[in-house]
Amino acid sequence: MKNWKDLPDSNQEFRQSAERRLADTGPDVTGEPQHRLLHELQVHQIELEMQNEALREARAIAEHALERYAELFDFAPIAYFTLGSDSRIQQTNFNGERLLGAARSNLVGRRFANIVVGEHRPVFNRFMENVFCNPGAERCEIVLDSGGKSSWVSIEAIADADRKSCLAAMVDISERKQAEQELQLAATVYLAIEEAIMVADTDNRIVAINPAFTKLTGYSAEEAIGQSTSLLKSGRHESAFFQAMWHSLNTTGQWQGEIWNRRKNGEEFLARLSISTVYGENGLPVRRVAMSSDITEQRRAEEIISKQANIDPLTGLPNRRLFLDRLQRAINKSHRTRQKMALMFLDLDHFKDINDTLGHDVGDRLLEETTLRLKSCIRETDTLARPGGDEFTLIMGELKDLNSIERVAQALLQTMMAPFQLKDERCYVSVSIGIALYPDDAETLDELLRKADQAMYAAKKLGRGRFCFFTPAMQASAESRLRLTNDLRHALADKQLWVAYQPIVELATGKILKAEALVRWQHPRRGPIEPTEFIPIAEETGLINEIGTWVFHQVAEQVWNWRMNYYDQFQISINKSPAQFHSNSDKLSDWFEHLQRLGLPGSCIAVEITEGLLLDGSTIVAEKLAAFKNAGMQTSLDDFGTGYSSLSYLKKYHIDFLKIDRAFVSNLTAGSTDMALCEAIIMMAHILGMKVIAEGVETEEQRCLLLKAGCDYGQGFFFSKAVTAEALEKLF
């Protein structure tokens, strides 16, 4: 196809071209008029054909150009839109479809303003007004929302000559905007962050700092920039510290840790420091960025918290938590070095008595003095701890000579023999020590603790104030106790427990007017279990409350029966354990309500307690004793004379009966010291308005001596052992 420039540009040229073509093909023209007319017609015909051909070629060129324009428009690397003055989309290209995520058929006719995010529409509307008002191109940046996807775009548009539409070119600048925002955020964080930031070059010269750096160190930007990074060096760290730091930076590009730095005013502070390396395109370091914060106060607080969590505030010794940690470490070391270690459990004998009688401040002073004495007997490498209460523990590691264990134990016992001068009181306190060895006696921490504890209790049973090594027999005893504990949990439900009654005889008449209820356990395999064996277990496990309630109901039913059929003032005494008094689960109201349902007065029951309970002095004990008294129940003080025998609590708690302990009655003879003590107790009790019951009466002589001394009641094998209710009725 010819180029459009090659076509004739005037009618004269078409005429000349037609003349030449006719001359080449037609006959010569003569002067005849008809010949000249024919010639003109032929020339005109050729001229018309040439014009038609030129028009066809021009149309073809125009169509080709239009196709090229359409291709350029459609495949342009940016998005193009033709928009009307009302922002309706008239035309778009492929990138326009991609930008808005919709086909052209769905876009044409839509108002472009509706695709603009709401807060940017005012900007877009002003932009469109400017496009159609101003002759030049207009630009703006807005956010589009198409198909739930937001994107930043830059628009440049220019109106057509007729001012009815405009051509708009759009470029997605979301990534650029995000980068700008990130840079702005980074700059904001850099300035506002509370952590001090220092940027250094590869020569370790400071090139930039943030305001937090100035606040932390006291150095302004003018003072710090250009200086060496050693500006803050405190001098506390050895060269090995910095060698390790640079090794990490050179191999990993990172380092973090704690470092002592110095402020401009010379004050030193502990900082948590993190250093990162920035690499260039060649992979070589170009910058190092250090971020630090002052953790001096935080570390002090942590140390205080750690001390509070791990140190006993009274004695300054490791508490139970730190002791267990030290013990596990000692076990691990002993295992590695194959050396033996010893664990001692030390328990102060009768410490509770001093604490209760002289006060907790005196008890605390005793614990402090005890700590000083014990520490004087051990090595610096040993760990003395106070897990709690009046218990101490001692860890002796790296033992080459096992005899040293006994020497230390003897020294501990010896130092405790000297009297303690506590305020105005002089006290004597011994210590019982249990010893277990690793790995001879145990291979785990829990096992070692358990066996040292068993050895300590064995020392107490042997008479206190002595030490005892763990033996396999102790373990067997502990295992037997565990089995007995498990069996006791089922004894009540399996009806293995029963109540025995020992008569309390009125000495003047020989009548049985009272009885003491005693719980008994008939084990299905072991036979009868002594109360001295299972009652302590019941107290430790809390089963004593359930058993005590069951015993009370049995006794209440029985005393109702005997009052109806034998003696209407009959009374049964029930032993009340200290553990029951201290337990909140022991509901006394249930007892009182049960008596009311049976129509029984409170006086049908007497509650037997021990002297130690009265010394407790706690509110809950006083409240429960008062509740018994208000319900009409009488109180009997068991084993009087073997404890502290203070007259003040006899008056304070309105005791009704004193029971002389069998230790005074068993060797009772005329004129003996025991006789004098019994007479004094009986006389004192009567003066205070109390009745006296003598326990352990086994002979006629004892009965007569007690009757002569004015004792009110007697109880013992001379009258009857503890028997079933049916057997006791036969004695009536």
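Everything discussed here concerns the structure shown above.
Everything quoted here is computed from the prediction, not taken from an experiment. (Residues numbered from 1 in each chain as written. Predicted model: local features only at pLDDT ≥ 70, side-chain atom pairs only at ≥ 80, totals over all residues. Heavy atoms only, no water.)

1. Looking at the nonpolar core
Soluble, globular proteins show a tendency: their nonpolar side chains are buried together.
Phase 1: In terms of nonpolar packing, the biggest core is built from 73 residues, with Leu488, Tyr501, Val555, Met633, Leu637, Leu650 and Leu658 touching the most fellow members.
Phase 2: Among the elements that take part in this core, helix H18 (residues 543-565) stands out by supplying nine residues, more than any other.
Phase 3: Within the second largest apolar cluster, 33 residues are counted, among which are Leu367, Leu374, Ala409 and Leu413. (Core = buried A, V, L, I, M, F, W, Y, C linked by side-chain atoms within 4.5 Å. Buried < 20%, exposed > 50% of the residue type's maximum accessible area, 1.4 Å probe, protein only. Helix = DSSP H or I, 4+ residues; strand = E, 2+ residues; numbered from the N terminus.)

2. Looking at the sheet that holds strand S5 (residues 165-172)
Phase 1: Spatially, S2-S1-S5-S4-S3 is the arrangement adopted by the five strands of the open sheet, whose pairing is antiparallel. The open sheet has two edge strands, strand S2 (89-92) and strand S3 (138-146), and neither has a second partner. Strand-to-strand, the axes of this sheet are offset by a mean angle of 30°, without reference to chain direction.
Phase 2: Two elements, strand S1 (residues 79-84) and S2, share three bridges in a ladder whose sense is antiparallel. Counterpart to Thr82 in the pairing with S2 is Gln91. (Pairing = 2+ DSSP bridges. Axes fitted to C-alpha atoms, helices over the stretch in contact; angles between N-to-C directions.)

3. Side note on the pattern of salt bridges
Phase 1: Applying the stated rule across the entire model yields 32 salt bridges.
Phase 2: Among the salt bridges present, the one from Glu297 reaches Arg300, with a minimum N-O distance of 2.6 Å. In this pair, Glu297 and Arg300 are both assigned in helix H10 (residues 296-310), three residues apart and thus about one turn of the helix distant.
Phase 3: By relative accessible area, which is 54% here, Glu297 ends up exposed.
Phase 4: Of the charged contacts in the structure, one is a salt bridge between Lys659 and Glu516, with a shortest N-O distance of 3.1 Å. Placement of Lys659 in strand S24 (residues 657-660) and of Glu516 in strand S19 (residues 512-523) is noted, with a sequence separation of 143 residues between them. (Salt bridge = Lys/Arg side-chain N within 4 Å of Asp/Glu carboxyl O.)

4. Describing the environment of Ile395
Phase 1: Along the polypeptide, Ile395 turns up in strand S13 (residues 391-399).
Phase 2: The exposure class assigned to Ile395 is buried, which follows from its relative accessible area of 4%.
Phase 3: With residues near it in sequence (within four places) discarded, Ile395 still touches Phe323, Arg326, Leu327, Ala330, Met341, Ala342, Leu343, Asp382 and Thr383. (Contact = heavy atoms within 4.5 Å.)

5. Observations regarding a nonpolar patch on the surface
Phase 1: Judged by side-chain polarity, Met683, Ile687 and Leu688 come together as a nonpolar surface patch covering roughly 350 Å² of accessible area.
Phase 2: Looking at Met683, the relative accessible area reads 55%, which means it is exposed. (Patch = residues over 30% accessible without salt bridge, like charges linked within 9 Å, V, L, I, M, F, W, Y side chains within 5 Å. Areas by Shrake-Rupley, 256 points an atom, 1.4 Å probe, with all protein chains shown as cover.)

6. Structural notes on unusual backbone geometry
Phase 1: Of note, the amide linkage connecting Tyr438 to Pro439 takes the cis form, showing an omega dihedral of 5°.
Phase 2: Structurally, the position occupied by Pro439 is in the loop between strand S16 (431-438) and helix H15 (445-461).
Phase 3: Of note in this structure, Arg338 is not a glycine but carries a positive phi near 60°.
Phase 4: The topology assignment puts Arg338 in the loop between helix H11 (320-337) and strand S11 (340-348).
Phase 5: Residue classification places Arg338 among the exposed positions, given a relative accessible area of 78%.
Phase 6: One non-glycine residue, Glu398, lies in positive phi territory at about 50°.
Phase 7: Tracing the sequence through the fold places Glu398 in strand S13.

7. Here we look at the sheet that holds strand S10 (residues 285-294)
Phase 1: Reading across the sheet, the five strands line up as S7-S6-S10-S9-S8 and stay open at both edges, with antiparallel pairing between neighbours. In the strand order of this sheet, the two ends are held by strand S7 (206-209) and strand S8 (254-262), each with one partner. This sheet shows a mean twist of 25° between the axes of neighbouring strands, independent of strand direction.
Phase 2: Bridging between strand S9 (residues 268-279) and S10 involves nine bridges; their strand directions are antiparallel. Counted as the bridge partner of Thr277 is Arg288 from S10.
Phase 3: Relative to the sheet, helix H9 (residues 239-252) contacts S8, S9 and S10, its axis offset from that of S8 by approximately 150°.
Phase 4: On the sheet, H10 packs against S8, S9 and S10 and is oriented at approximately 120° with respect to S9.

8. So, the state of the cysteines
Phase 1: Scanning the model with the defined rule gives zero disulfides in all.
Phase 2: No disulfide involves Cys166; its sulfur sits 11 Å from the nearest other cysteine sulfur, which is in Cys140.
Phase 3: For Cys166, a relative accessible area of 1% translates into the label buried.
Phase 4: Between Cys711, a cysteine without a disulfide, and Cys678, which holds the nearest cysteine sulfur, the sulfur-to-sulfur distance is 7.9 Å. (Disulfide = S-S within 2.5 Å.)

9. Regarding the packing of helix H20 (residues 588-598) against helix H22 (residues 619-630)
Phase 1: One way to put it is that H20 packs onto H22 with a least axis distance of 11 Å and a crossing angle of 10°. In terms of orientation, H20 and H22 fall into the roughly parallel class. Together, Leu588, Trp591 and Phe592 of H20 and Lys624, Ala627 and Phe628 of H22 make up the contact between the two elements.
Phase 2: Grouping the amino acids of the contact of H20 with H22 by side-chain chemistry returns five nonpolar, no polar and one charged. (Parallel < 35°, antiparallel > 145°, perpendicular 65-115°, else oblique. Nonpolar A, V, L, I, M, F, W, Y, C, P; charged D, E, K, R; others polar.)

10. What about the packing of aromatic side chains?
Phase 1: What the rule picks out here adds up to 18 aromatic pairs.
Phase 2: When the centroid spacing of 5.4 Å and the interplanar angle of 65° are considered together, the rings of Phe81 and Phe112 count as edge-to-face. Residue Phe81 is located in strand S1, and its partner Phe112 is located in the loop between helix H4 (104-107) and helix H5 (121-133); the two are separated by 31 residues in the primary sequence. For the pair formed by Phe81 and Phe112, the shared burial category is buried.
Phase 3: Grouped by ring-pair contacts, the aromatic residues Tyr501, Trp562, Tyr566, Phe570 and Phe732 constitute a single cluster.
Phase 4: Taking NZ or CZ as reference, Lys177 lies 4.3 Å from the ring centre of Trp152, over its face.
Phase 5: Just above the ring of Phe420 sits the side chain of Arg373; from NZ or CZ to the centre is 3.6 Å. (Phe/Tyr/Trp six-rings, centres within 6.5 Å; stacked < 30°, edge-to-face > 60°. Lys NZ or Arg CZ within 6 Å of the ring centre and 35° of its normal.)

11. Observations regarding the packing of helix H12 (residues 351-358) against helix H13 (residues 360-375)
Phase 1: Taken N-terminus to C-terminus, the directions of H12 and H13 make an angle of 140°; their axes are 6 Å apart at the nearest point. Between H12 and H13, the angle is such that the two are oblique. Packed against H12, whose contacting residues are Phe351, Ile354, Asn355 and Leu358, the element H13 presents His360, Asp361, Val362, Gly363, Leu366 and Leu367 at the interface.
Phase 2: Its residues assigned to classes, the contact of H12 with H13 shows six nonpolar, three polar and one charged.

12. So, the pairing of strand S18 (residues 497-506)
Phase 1: With eight of ten residues buried, S18 is to be regarded as a mostly interior element.
Phase 2: Where S18 and S19 come together, nine bridges link them in antiparallel fashion. Within the sheet, the bridge partner assigned to Ile504 lies in S19 and is Lys514.
Phase 3: Where S18 folds back on S19, the antiparallel hairpin that results is connected by five residues, among which Gly510 adopts a positive phi of roughly 80°.
Phase 4: Pairing analysis gives two bridges linking S18 to strand S26 (residues 713-715), with the strands arranged antiparallel. Following the sheet pairing, Val505 is matched in S26 by Gly714.

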